[in-house]
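Topology and contacts: notes
Each chain, written out:
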Amino acid sequence: MRAPQGVAILGATGSVGLSTLDVIARHSERFRVVALTANRDVEGMLALCRRHRPDWAVMVDAEAAQRLARELHGEAPDTQVLAGAEALSQVASMEQVDTVMAAIVGAAGLLPTLEAARSGKRILLANKEALVMAGALFMQEVAAGGATLLPVDSEHNALFQGMPAAYVPGAGRPEGVTRILLTASGGPFRTTAAEQMSKLSPEQACAHPTWDMGRKISVDSATMMNKGLEVIEACWLYTMPEEDVQVIIHPQSVVHSMVQYQDGSVLAQLGNPDMRTPIAHCLAWPQRIEAGVEPLDMFAVGRLDFEPPDLRRFPCLRLAQEAWHAGGTAATILNAANEIAVQAFLDRRLAFTEIHGVIEATLAQLVSAEADSIERILEHDARARACASELVSGRRTAQRVYS
Ligand code: NAD
Ligand code: MG
């Protein structure tokens, strides 16, 4: 029998991290949990360490790491606790690790995921922000390091499943493919009237109709920035021009995306909206394993609807498309400004309808440059965060800038 695959889960306490552990626990003969990481959720990590017995547990927050080590003392003598952001990169490149699940939310996931690429790991990519902010560099590192990049994001995973046999992301434009049809649920405000949108609360934004996810991606889904980030993600993964990526609103979230071929074929991947399907697909690829997902009942689904997106009510989608065309660090700036604006909205410091304005004004105020080095990317990420934070705190000025 083959030795089990050693897995490191970056962002283990989050929504994707927990779904990954759920799949792994169903196949203990195939996978071994080598490392788990989290930001500062000690209770969450403690429960995971008790259950999965990793060799390494990383807490980015030093105080949280100390507490975890204290609580685990004597109970899990085989688990070593590490502290700090550098420890994320350390576990992502460990020899015992074959597979890295990149499930940290936001830009914080970039450096460890790049490290996994350099170390030639099999990367299960959920952290789309890493690809959006540093796409060219990221794809270069994947190729240079001999890493295998497998998309966990449900749409990109669906596209991967619809691609020509033996095709893997990063292998250039797929033969015979004319278009990517990227589906979107439309989020919780798909049918909300424009006049009502300024009053929407974080609770309403996080109540997604079909997917259960972390708070940041839930808000991104509500503004449709998530789909914008996913357009950019698709362009990088599949070497497609933005014009060939069509966004289609599909409220049932059953068709997870489609690949259109030159002979007129359209290949779709369907399933219940449950992240364990794409996670299991990537974990076992090219084989298939059981994921604990309810089989799809087509009679219960009944019908499948498709409609075009409304760029007037959801301007974030347009901003992302424009940033892709601007090139260089524009997508880095877009991503960073979005992270600041979303956090401000979650903290009730910004209205839902002000999110896109902060991003647009940040993009207008900063000059983008070639995204040719990690230093440049991190510098532009930091500048965009500073600019967006200023716009949020001086909202009156900001409103003048973008109204
Ligand atoms: P989440 O908020 O539920 O979990 C985030 C994880 O990242 C947690 O483990 C947290 O401890 C860790 N983290 C947060 N900030 C950190 C930091 N500064 N340093 C280190 N670790 C940090 O998020 P999620 O919904 O699981 O999403 C994770 C990623 O997967 C995101 O990039 C998201 O866009 C993507 N994704 C999620 C889903 C989904 O269904 N949830 C679907 C597709 C893609
Ligand atoms: Mg998605």
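Because the structure is predicted, anything quoted here is derived from the model rather than measured.

Comments concerning the site of ligand 1
Surveying the vicinity of ligand 1 reveals 22 residues, the closest of which are T13, S15, V16, E129 and G214. In this structure, G14 approaches ligand 1 through a main-chain N or O atom, which is 3.1 Å from an oxygen atom. Here an oxygen atom of ligand 1 sits 2.6 Å away from a polar atom, N or O, in the side chain of E129. Summarising the interface, the protein chains cover 86% of the accessible area of ligand 1, which totals 830 Å² for the free molecule. Among the elements of the structure, α1 (15-25) and α6 (128-145) are those that each provide at least two residues to the shell around ligand 1. When its residues are assigned to classes, the shell around ligand 1 shows 12 nonpolar, seven polar and three charged.

With respect to the packing of helix α13 (residues 315-326) against helix α14 (residues 330-346)
Between α13 and α14, the least distance of the axes is 7 Å, while the angle of their chain directions is 150°. When the interaxial angle is binned, α13 and α14 end up roughly antiparallel. Between α13, through L319, A320, A323 and A326, and α14, the contact on the second element is made entirely by A330, A331 and L334. When grouped by side-chain class, the residues that make up the contact of α13 with α14 number seven nonpolar, no polar and no charged.

A few points about the environment of D244
On the secondary structure map, D244 appears in the loop between α10 (225-238) and β9 (245-249). Judged by relative accessible area, D244 falls into the buried class, the value being 18%. A sequence separation of 67 residues divides D244 from V177, and the C-alpha atoms of the two residues are 9.6 Å apart. Dropping the residues within four chain positions of it, D244 is found in contact with R173, T178, R179 and I180. Of the polar contacts made by the side chain of D244, one reaches the side chain of R173; its length is 3.1 Å.

Notes on the coordination of the magnesium ion (ligand 2)
Ideal donor angles around a metal are set by the shape: a four-donor tetrahedron calls for 109.5 degrees, a six-donor octahedron for 90 or 180 degrees. For the magnesium ion (ligand 2), the full set of protein donor atoms is D153 (OD), E155 (OE) and E230 (OE), and the range of their distances to it is 2.1 to 2.2 Å. Counting residues between consecutive donors of the magnesium ion (ligand 2) along the chain gives the motif D-x1-E-x74-E. Taking relative accessible area as the criterion, D153 reaches 8% and is therefore assigned buried.

A word on the nonpolar core
Ranked by internal contacts, the top residues of the largest apolar core, which has 130 residues, are M101, L110, F138, I180, Y238 and L334. When residues of this core are assigned to their parent elements, the largest contribution, 10 residues, is made by α14. Looking at which domains feed residues into this core, each of domain 1 (5-151) and domain 2 (327-397) gives three or more.

Focus: the domain arrangement of the protein
The domain boundaries assigned to the protein delineate domain 1 (5-151) and domain 2 (327-397). Here the C-alpha centroids of domain 1 and domain 2 sit 27 Å apart. By the criterion of area lost to domain 2, the three top residues of domain 1 are V132, M133 and L137, representing 56% of everything that side buries. Seen at the junction of domain 1 and domain 2, the total is zero salt bridges. Put simply, domain 1 and domain 2 have two residue pairs in polar contact (both at pLDDT 80 or more) between them. Of all elements in the fold, only α5 (110-118) and α6 reach the threshold of two or more residues within the side of domain 1 that touches domain 2. Examining the composition of the side of domain 1 that touches domain 2, we find that five residues originate from one element, α6, more than from any other. Its residues assigned to classes, the side of domain 1 that touches domain 2 comprises eight nonpolar, one polar and one charged.

Observations concerning the pattern of salt bridges
Pairing is possible between side chains that carry opposite charge, provided their charged atoms lie close to one another. For the coordinates displayed, the defined rule picks out 27 salt bridges. The salt bridge partner of R32 is D55, with a shortest N-O separation of 2.9 Å. With a gap of 23 residues between them, R32 in strand β2 (residues 31-38) and D55 in the loop between α2 (42-52) and β3 (56-59) connect regions that are remote in the sequence. Overall, D55 belongs to the partly exposed group, its relative accessible area being 21%.

Digging into the side chain of H256
Among the structural elements, H256 can be located in strand β10 (residues 255-261). Its relative accessible area of 7% is what places H256 among the buried residues. The contacts of H256, once residues within four sequence positions are left out, are S154, E155, A158, T183, W211, Q269, L270, G271, N272 and P273.

Describing unusual backbone geometry
A cis amide bond, omega 10°, links W285 with the succeeding residue P286. Mapped onto the elements, P286 comes out in the loop between α11 (276-284) and α12 (298-301). Look at M224: it is not a glycine, yet its phi comes out positive at around 70°. The topology assignment puts M224 in the loop between α9 (215-223) and α10. In this structure, S257 takes a positive phi of about 155° despite not being glycine. Within the secondary structure, S257 sits in strand β10. By relative accessible area, S257 is classed as buried at 0%.

Cut-offs used in this document
Residues numbered from 1 in each chain as written. Chains lettered and ligands numbered in written order. Predicted model: local features only at pLDDT ≥ 70, side-chain atom pairs only at ≥ 80, totals over all residues. Heavy atoms only, no water. Near = heavy atom within 4 Å. Polar contact = N/O pair within 3.5 Å; in protein donor to acceptor, adjacent residues only side chain to side chain. Areas by Shrake-Rupley, 256 points an atom, 1.4 Å probe, with all protein chains shown as cover. Helix = DSSP H or I, 4+ residues; strand = E, 2+ residues; numbered from the N terminus. Nonpolar A, V, L, I, M, F, W, Y, C, P; charged D, E, K, R; others polar. Axes fitted to C-alpha atoms, helices over the stretch in contact; angles between N-to-C directions. Parallel < 35°, antiparallel > 145°, perpendicular 65-115°, else oblique. Contact = heavy atoms within 4.5 Å. Buried < 20%, exposed > 50% of the residue type's maximum accessible area, 1.4 Å probe, protein only. Donors = N, O, S within 2.8 Å, 3.2 Å for Na, K, Ca; no water. Core = buried A, V, L, I, M, F, W, Y, C linked by side-chain atoms within 4.5 Å. Domains from an automatic or database assignment. Buried area = accessible area lost by both parts, 1.4 Å probe. Salt bridge = Lys/Arg side-chain N within 4 Å of Asp/Glu carboxyl O.

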